[in-house]
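Single-letter residue listing:
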Amino acid sequence: MLAAIWMVFLADPLGDVLAAPTVTSRVIGVGGVAALATLFAWSLVRYWAGRTPTPRTAVLLVAGELVCVALIVLAAGQSGLAGLVFACVTAMIVASVRAGLVTVAALVLVLLVLPRVVPGWQPTDSLVLTAALASLAMFGFRQATERNRALHRTQEEVAALAAAQERDRIARDMHDILGHSLTVVSVKAELAGRLLHSDPEHDGAAEPTPEAGRARNEVAEIQTLVRSTLADMRGMVAGERQVTLAGELAAARSAFDVAGIAADLPGAVDEVAEEHRAVFAWALREGTTNVLRHAAARRAAVTLTSDALVIDDDGRGIHQGEPASSGGGGNGLRGLAERARAVGLVVQTGPSPLGGLRLAVRVPDDEAAQRGGEERA
C-alpha cells in the first residue's frame, strides 16, 4: 500500500510519455515508468519484510532506477525528472545511512542544476523540495522501523531468558522436592529388601516360598525404578511448593529413623526468625537428602539457632562423597544458594566435627556480629 501511494509521483511523467510524438518514444517511456515502479515497489516491500540487501544489490537498484529515469526523460522531457524522487527514496531504504545521504545530496544537486543548464527547461525548485522532504521522511521511517525491530529482538531475547530461568527454576524445585521424596522411597525399599532377606525362610529354616521370591524381586525393581527416576527427572512442570521448617524437621526425623541413622534434631523452631524459616526448611531438606543418599552416615546432627542451620554427619565427607551434592556445586546446592542469597543468607560446606560433611546456612559473619552487639547493648 505504501509503495502504491508513491506511484502518484509517476502520474505526470506517464501522461507526458503517452503524449510523446513517436511510438518509439512512447514505448521507451512506458517501459521506463513500469520498470521504475517495479524496482521501487520491490525494494520497499523487500525492506518492509526485513530483508536487508547487500551493498552491491543496493548499488544495482539505485543505478537501475537512474537508468529508468533517463529513459523517461528521453520520452517525456523535464517531467521525467520526477523519477529522481524514487531514486532518492530507494537510496535511503537500501543503502547505509551515510551512502544514502550522499546519494540524496548528489541527486538533489542534479535537480537543482540540470534544469538550469538544459535549453528549454525551467527550474523546478518544488521538485527539489519534494525530493528532500521525501528522503527525510523515509529516513525517519527507516529509523523508526529499525528501532521497532531492535525492540522486537530485545523482547524475544527477554522471553528466551525468562524461559531459561523458568526451566532452571523447575529443575531446581524438581530436585528439591522429588529428590527428597524419592530418596526416602528408595531407603524404605532397601529396608524392605533387607527385611525380606533376613526372614527365617531365607536363613535356611525352610525353603523360600514363590511368593517370597517374587516379593524380593518386586522390591528390587522398586529400587531400580526409583534410582532411574532420580536420574531422569528433568521434564516435570510444577509450581512453587511451600515448605515449613517444622514439617521438614518431622520428615527428616522419620527418614533418619527408617534409614537407621542416629539423629540429633531440635524439637522446636520458635527462635528462628520468620524471614529465615523457609530457606532453613529447604536447607534441611537438601541436607537430609544428602545424608541419606550420599554420605553413608550412621549419625547426623542438626543445630538450629536464630541465625543459622547446621547439619553435620559422620559419613564420607566432601572428598569421598558424591560430587554433585557434597560441596561440588550440584543442582541442589546451587538452588539452595540462590534461595539463601535472595534473603541475605550464605551457604557454607566443609568438614564436620563428626568426621563427615557440614552444611550450614547462616547470616553472614559481619551481620551476625553487628546483631550480637546490638543485643548486648
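It should be emphasised that the depicted structure is a prediction, and the values quoted were computed from it without experimental measurement.

1. A few points about the pairing of strand β5 (residues 357-362)
Successive residues of a regular strand alternate their side chains across the two faces of the sheet.
Line of reasoning, step 1. Inspection of the sheet shows strand β3 (residues 308-313) paired to β5 by five bridges, in the antiparallel sense. Bridging across to β5, Leu 309 finds its partner in Val 361.
Line of reasoning, step 2. Here strand β4 (residues 346-351) folds back onto β5 in antiparallel fashion, the turn holding five residues, of which Gly 355 has a positive phi close to 110°.

2. Observations concerning the environment of Ala 250
Line of reasoning, step 1. Its location among the elements puts Ala 250 in helix α9 (residues 245-259).
Line of reasoning, step 2. Its relative accessible area of 47% is what places Ala 250 among the partly exposed residues.
Line of reasoning, step 3. Expressed as a C-alpha distance, the spacing of Ala 250 and Gly 267, which sit 17 residues apart in the sequence, is 9.2 Å.

3. Observations concerning the packing of helix α3 (residues 23-48) against helix α5 (residues 83-94)
Line of reasoning, step 1. Where α3 meets α5, the closest approach of the two axes is 10 Å, and the angle between their N-to-C directions is 25°. Here α3 is positioned roughly parallel relative to α5, judged by the angle of their axes. By crossing handedness, the relation of α3 to α5 is classed as left-handed. The segment α3 lies against α5, with Leu 36, Phe 40, Ser 43, Leu 44 and Tyr 47 engaging Gly 83, Phe 86, Val 89, Thr 90, Ile 93 and Val 94.
Line of reasoning, step 2. Its residues placed into classes, the contact of α3 with α5 shows eight nonpolar, three polar and no charged.

4. Describing the environment of Leu 66
Line of reasoning, step 1. Among the secondary structure elements, Leu 66 is positioned in helix α4 (residues 55-76).
Line of reasoning, step 2. Each C-alpha atom of the pair Leu 66 and Gly 83 lies 8.0 Å from the other, and the pair is 17 residues apart in sequence.
Line of reasoning, step 3. Setting aside its immediate chain neighbours within four residues, Leu 66 contacts Leu 84, Ala 87 and Leu 107.

5. Here we look at the nonpolar core
Line of reasoning, step 1. Trp 6, Leu 36, Leu 81, Val 89, Ile 93, Leu 111 and Met 138 are the most contacted members of the largest nonpolar core, which has 40 residues in total.
Line of reasoning, step 2. A total of 10 residues in this core trace back to one element, the largest contributor, which is α5.
Line of reasoning, step 3. Membership of the second largest hydrophobic core comes to 35 residues, among which are Ala 252, Val 269, Ala 340 and Leu 359.

6. Observations regarding a nonpolar patch on the surface
Line of reasoning, step 1. The grouping of Ile 28, Val 67, Leu 71 and Leu 74 at the surface amounts to a nonpolar patch, some 350 Å² of accessible area in total.
Line of reasoning, step 2. Looking at the nonpolar patch element by element, the count peaks at three residues for α4.
Line of reasoning, step 3. Topologically, Leu 74 is positioned in helix α4.

7. Here we look at the pairing of β4
Line of reasoning, step 1. When β4 meets β5, the two strands line up antiparallel, connected through six bridges. Its bridge partner being in β5, Thr 349 is matched across the sheet by Leu 359.

8. Re empty space enclosed by the protein
Line of reasoning, step 1. Tallied over the entire structure, the rule returns one cavity of 30 Å³ or more.
Line of reasoning, step 2. In this structure, the largest cavity occupies an estimated 90 Å³ of space.
Line of reasoning, step 3. Lining the largest cavity are 11 residues, with Gly 287, Asn 290, Val 291, Asp 313 and Leu 357 sitting closest to its centre.
Line of reasoning, step 4. Counting only elements with at least two residues in the lining of the largest cavity, the list comes to α10 (274-295), β3 and β5.
Line of reasoning, step 5. Here the element with the most residues in the lining of the largest cavity is α10; it accounts for four residues.
Line of reasoning, step 6. Along the lines of polarity and charge, the residues of the lining of the largest cavity split into five nonpolar, four polar and two charged.

Analysis parameters
Residues numbered from 1 in each chain as written. Predicted model: local features only at pLDDT ≥ 70, side-chain atom pairs only at ≥ 80, totals over all residues. Heavy atoms only, no water. Pairing = 2+ DSSP bridges. Helix = DSSP H or I, 4+ residues; strand = E, 2+ residues; numbered from the N terminus. Buried < 20%, exposed > 50% of the residue type's maximum accessible area, 1.4 Å probe, protein only. Axes fitted to C-alpha atoms, helices over the stretch in contact; angles between N-to-C directions. Parallel < 35°, antiparallel > 145°, perpendicular 65-115°, else oblique. Left-handed = near helix turned anticlockwise from the far one by under 90°. Contact = heavy atoms within 4.5 Å. Nonpolar A, V, L, I, M, F, W, Y, C, P; charged D, E, K, R; others polar. Core = buried A, V, L, I, M, F, W, Y, C linked by side-chain atoms within 4.5 Å. Patch = residues over 30% accessible without salt bridge, like charges linked within 9 Å, V, L, I, M, F, W, Y side chains within 5 Å. Areas by Shrake-Rupley, 256 points an atom, 1.4 Å probe, with all protein chains shown as cover. Salt bridge = Lys/Arg side-chain N within 4 Å of Asp/Glu carboxyl O. 1 Å grid on protein atoms, 1.4 Å probe; cavity = no way out; pocket = protein on both sides within 12 Å on 5 of 7 lines; lining within 4 Å. Points joined across faces, edges and corners; volume = space filled by probe spheres on them.

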